[in-house]
Amino acid sequence: MYQKEIGIITKWWKKSNLMKKVSFARDRLVESYIWSLVFCHRLEYNKGRMFEKKMMACATIIDDTYDAYGTIKEAIQNEILISLELFHNIFKLIKCYMVEAKWCHEGFIPTYDEYKVNGILTSIFTPLMASFIGLGEFTTKDVFDWIFSNPTIMEAVSIIARVLNDMSSHKFEQQTAHVASPIECCMKQYCVSQAETCNLICKDVEDYWKVINKEYNMSIDIPKSVLDCVVNYASMSEVTYKNYQDKFINGELLKDYVSSFLMNPIFIDQH
């Protein structure tokens, strides 16, 4: 089933011809699919995975477009952004990327708190949760209302994903013009050394995990399968960016996981 899904996604991606139009963007099809698979791995959620993968592919292009273009004007004029803005749930994401582009263009370093507020959306978690349109019995108005009400558990997951992602790419991205990382933002806000900052941020991530665990147990009106998908996103962030290594960018570091999921899966007899 999973191999069939990645085959369908690959055909869709090649047919879109996007990579020829935006050669600067990351072509991380398999890596993105692994995120989708961890996000909702059960076989009956295949439609959700397919939709979530397409959302992630489009969001990655938006992210890379803002990274690649030197000014806000150039980013806005890019034809890919114009077409992608047709995706209704991407509007807020684009607005937050505009904030990052403005910060980068002006050389502005926001506070750590400001960075996290903006990062809740640029983590792309909330738009990805729209993949629940493919989750059958859980496709209810109550679930969608909950998702788009910015519940505390989703904010915590979004911040974990954003912070771990940016910390893993901090050294590389500082070699070029780029928006300030959480390390720089935290150093500015608390006037501490880089080493102290890393410890502070790691403690912050631990605290957000406590929030996730608490909210998971308290969210009794939300189906457990939905909450599991939320927690899985945070768990995948921990795996992908562990030890400050970006396995999404450096696919070589993720190959063992790809092999385990797609090439040599372990089948468990549930009867």
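Please read all numbers here as calculations on a predicted model, not as lab measurements.

Quick notes on the rules
- Residues numbered from 1 in each chain as written.
- Predicted model: local features only at pLDDT ≥ 70, side-chain atom pairs only at ≥ 80, totals over all residues.
- Heavy atoms only, no water.
- Helix = DSSP H or I, 4+ residues; strand = E, 2+ residues; numbered from the N terminus.
- Buried < 20%, exposed > 50% of the residue type's maximum accessible area, 1.4 Å probe, protein only.
- Contact = heavy atoms within 4.5 Å.
- Areas by Shrake-Rupley, 256 points an atom, 1.4 Å probe, with all protein chains shown as cover.
- Polar contact = N/O pair within 3.5 Å; in protein donor to acceptor, adjacent residues only side chain to side chain.
- Core = buried A, V, L, I, M, F, W, Y, C linked by side-chain atoms within 4.5 Å.
- Domains from an automatic or database assignment.

Participant: Explanation requested: the overall build of the protein in the structure shown.
Facilitator: Counting its secondary structure elements, the protein contains 16 helices and 0 strands. When the 271 residues of the protein are sorted by exposure, 48% land in the buried category. For the protein, the share of sequence-separated contacts (at least 6 apart) that also reach a separation of at least 24 residues comes to 71%. Summing over all exposed atoms, the protein offers an accessible surface of approximately 14300 Å²; the carbon and sulfur share of this is 57%.

Participant: For this particular structure, what's the right way to read unusual backbone geometry?
Facilitator: Most peptide bonds take the trans configuration, and most residues that are not glycine carry a negative phi. Phi angles above zero are rare outside glycine, and asparagine 150 is one such case at about 55°. Of note, asparagine 150 is situated in the loop between helix H10 (141-147) and helix H11 (152-168). Although it is not a glycine, cysteine 191 adopts a positive phi angle of roughly 55°. Its place among the elements puts cysteine 191 in the loop between helix H13 (182-190) and helix H14 (194-218). Taking the relative accessible area as the measure of exposure, cysteine 191 reaches 70% and is therefore exposed.

Participant: I tried to follow the side chain of aspartate 166 on my own but got confused; where do I start?
Facilitator: Position of aspartate 166 relative to the elements: it lies in helix H11. For aspartate 166, a relative accessible area of 10% puts it in the buried group. Engagement of the side chain of aspartate 166 in a polar contact is seen with the side chain of arginine 162, the distance being 2.9 Å. For aspartate 166, the contacting residues outside a window of four places in its chain are Tyr115 and Pro182.

Participant: Would you take a moment to explain the nonpolar core for this structure?
Facilitator: If you look at soluble globular proteins, the nonpolar side chains tend to sit buried side by side. Trp146, Ile212 and Tyr233 are the most contacted members of the largest nonpolar core, which has 50 residues in total. When residues in this core are grouped by element, the largest group, 10 residues, is from H11. Shared between two domains, this core takes at least three residues from each, and those domains are domain 1 (1-71) and domain 2 (85-263). Among residues more than four places away in sequence, those in contact with isoleucine 212 are Ile153, Ala156, Val157, Ile160, Val231 and Ala234.

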